[in-house]
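# Analysis of the macromolecular model
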Amino acid sequence: MFKFFNRHKESTDDSQPRREWPWRLTLGAYPGPRSNPSWDDVRNGLEALVRDGDSYLILEQKDPAGPDQSYWFIQCAIALQGPAAGQYSLEVGYRKDGKGWLLDRTLPKLEQVVACFDWAFRWKPMDYTGFEDMSDMVQ
């Protein structure tokens, strides 16, 4: 009944985007990340992705008060080779229980990628169904 009053309470699930942490956006080889991007910045960046090693988008958060290096990110690029060449490679990473986690998924359509980023950008709980755990690649 009183959930309305607690809706801005700090997040506690490290596998999810955090409402209390600021967003930072990095677009491929463009200089420097952009702090506090708008949704239009994110969407336009995703729509501008091309099949090139320097074309990627990272939307990330870091704990501004934490020396423990807590973070959460979602990133995307177009796969250049292999069976998924030409499709969107989507990765989510975060730090939980002192360990780095990396989840990966390939999506064929830009609209699917935009939906995932929209979900994260608006701090909705991410559903990791269909993602492959690639955490063994993270130290």
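Figured I'd write up the structure that's included with this text. (Residues numbered from 1 in each chain as written. Predicted model: local features only at pLDDT ≥ 70, side-chain atom pairs only at ≥ 80, totals over all residues. Heavy atoms only, no water.)

## Some thoughts on the side chain of Q16
Position of Q16 relative to the elements: it lies in the segment before β1 (23-27). Polar contacts involving the side chain of Q16 include one to the main-chain amide nitrogen of M126, which spans 2.4 Å. Beyond its immediate sequence surroundings of up to four residues, Q16 is in contact with W72, K124, P125, M126 and Y128. (Helix = DSSP H or I, 4+ residues; strand = E, 2+ residues; numbered from the N terminus. Polar contact = N/O pair within 3.5 Å; in protein donor to acceptor, adjacent residues only side chain to side chain. Contact = heavy atoms within 4.5 Å.)

## As for the pairing of strand β3 (residues 56-62)
Most of β3 is tucked away, with five of its seven residues classed as buried. In terms of strand pairing, β1 meets β3 through five bridges, oriented antiparallel. Pairing of L25 across the sheet is with L59, part of β3. (Buried < 20%, exposed > 50% of the residue type's maximum accessible area, 1.4 Å probe, protein only. Pairing = 2+ DSSP bridges.)

## Description of the side chain of R18
By secondary structure assignment, the location of R18 is in the segment before β1. For R18, a relative accessible area of 10% translates into the label buried. In terms of polar contacts, R18 uses its side chain to reach the side chain of E20, at 3.0 Å.

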